[in-house]
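Single-letter residue listing:
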Amino acid sequence: MSANSRLTIAAHALTWIGLYQRRGHEVATSEQIATSVNTNPVVIRRLLGEMRKAGLADSRRGAGAGWMLARDLAAITLLDVYQAIGAGPVFALHRATPDPECVVGRGLGPAMTAVYDDVEAALCRELAKTTLEDVLRDVLKAA
C-alpha cells in the first residue's frame, strides 16, 4: 500500500508559487511548477484547482495566464492545504460489514473508530501548527 502524496505536492506547489512571487513574478505557469515537482502539469492544474476552490490560490486566464497565491504563505497552514485536497480520513473501517454474529466483527468498528478519531484530531492539531511560511523558511535553511 502506498502513501498519498497529494498534501506534499500541493504544499510544494503553493510554497513554490510564494517564493516565485517574492522574487518579483506575478504568476507562475503549471509547467514551471510541474518542473519543480517533477510531475505532469495536468497534476498541478488539478491540485491548484482544488486550492482555488478553497481560497488558497487564484488563477489568471489569457495573456499572462498562470497561478498566484490568494493568501500570504504565513496565512496558509498545512491543515488548510490538507482540508483543501479533501484527503478524507487517515484510516477507514472494513469495506464490507463484518459478521454481526461475531463478537470481534460486531465490536471492532466502534473500538477502532474511537482510536481513529483521536489520530485524526492529533493530525489536524499538528498540521495547524505549521504555515507554508514555516515550510519555506525550513526549505531555504536547508538549501
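Residues numbered from 1 in each chain as written. Predicted model: local features only at pLDDT ≥ 70, side-chain atom pairs only at ≥ 80, totals over all residues. Heavy atoms only, no water.

S.K.: Let's hear about the overall build of the protein chain: which residues, and what values?
M.R.: Along the protein chain, the regular secondary structure elements total 6 helices and 2 strands. Order of helices (α) and strands (β) in the protein chain, N terminus to C terminus: α-α-α-β-β-α-α-α. Against the 2.2 N^0.38 benchmark of 15 Å for 143 residues, the protein chain shows a C-alpha radius of gyration of 19 Å, more extended than a compact globule. Principal-axis analysis of the C-alpha atoms gives the protein chain an extent of 65 × 30 × 25 Å. Of all intrachain contacts in the protein chain linking residues separated by at least 6 positions in sequence, the fraction that spans at least 24 positions is 63%. (Helix = DSSP H or I, 4+ residues; strand = E, 2+ residues; numbered from the N terminus. Rg over C-alpha atoms; globule rule 2.2 N^0.38 Å. Contact = heavy atoms within 4.5 Å.)

S.K.: Describe a nonpolar patch on the surface, and please don't skip the residues or the numbers.
M.R.: On the surface, a cluster of nonpolar side chains totalling about 310 Å² of accessible area is made up of Val 90, Phe 91, Val 115 and Val 119. Along the chain, Val 119 falls in helix H5 (residues 103-128). Taking the relative accessible area as the measure of exposure, Val 119 reaches 33% and is therefore partly exposed. (Patch = residues over 30% accessible without salt bridge, like charges linked within 9 Å, V, L, I, M, F, W, Y side chains within 5 Å. Areas by Shrake-Rupley, 256 points an atom, 1.4 Å probe, with all protein chains shown as cover. Salt bridge = Lys/Arg side-chain N within 4 Å of Asp/Glu carboxyl O. Buried < 20%, exposed > 50% of the residue type's maximum accessible area, 1.4 Å probe, protein only.)

S.K.: Can you break down the environment of Leu 7 residue by residue, with the values?
M.R.: Examined against the element boundaries, Leu 7 turns out to sit in helix H1 (residues 6-22). Those residues in contact with Leu 7, other than ones at most four positions away along the chain, are Leu 78, Val 81, Tyr 82, Ile 85 and Leu 127.

S.K.: Got a sec to walk through H5? Specific residues and values, please.
M.R.: Since one α-helical turn is 3.6 residues long, residues separated by three or four positions face the same way. Along its 26 residues, H5 runs 38 Å from first to last C-alpha, staying within 8% of the 38 Å computed at 1.5 Å per residue. Along its length, H5 reaches its greatest deviation from straightness, about 25°, at Gly 109, and the proline Pro 110 lies no more than four positions downstream. The complete set of buried residues in H5 reads Gly 105, Gly 109, Cys 124 and Leu 127. Taken together, the buried residues of H5 touch H1 and helix H4 (78-84). (Expected span 1.5 Å × (residues − 1). Bend = angle between axes of the 7 residues up to and from the residue.)

S.K.: Tell me about the side chain of Thr 131, and please be specific about residues and values.
M.R.: Within the secondary structure layout, Thr 131 lies in the loop between H5 and helix H6 (132-142). Thr 131 sits in the buried class, given a relative accessible area of 15%. Looking at Thr 131, its side chain comes within polar contact range of the main-chain nitrogen of Glu 133, at 3.3 Å. When near neighbours in sequence (up to four residues on either side) are disregarded, Thr 131 contacts Leu 73, Ala 74, Ile 76 and Thr 77. (Polar contact = N/O pair within 3.5 Å; in protein donor to acceptor, adjacent residues only side chain to side chain.)

S.K.: Any chance you could break down the environment of Glu 126 for me, citing the residues and the numbers?
M.R.: Tracing the backbone shows Glu 126 in helix H5. Measuring from C-alpha to C-alpha, the distance between Glu 126 and Thr 77 comes to 10.0 Å, with 49 residues separating the pair along the chain.

S.K.: Can you lay out H6 for me, pointing to particular residues and giving the numbers?
M.R.: For H6, the full list of buried residues reads Leu 132, Asp 134 and Leu 136. Where H6 is buried, its residues touch H1 and H4. If you check the start of H6, you find a side-chain oxygen 3.3 Å away from the backbone N of Glu 133, and it comes from Thr 131.

S.K.: I'd love a proper account of the pairing of strand S2 (residues 66-69), names of residues and values included.
M.R.: Covered by surrounding structure in S2 are Gly 66 and Met 68 together with Trp 67 and Leu 69, the residues of both alternating faces. One ladder, built from 4 bridges, connects strand S1 (residues 57-60) with S2; its direction is antiparallel. Within the sheet, the bridge partner assigned to Ser 59 lies in S2 and is Trp 67. Between the antiparallel neighbours S1 and S2 lie 5 residues, among them Gly 62 with a positive phi of about 80°. (Pairing = 2+ DSSP bridges.)

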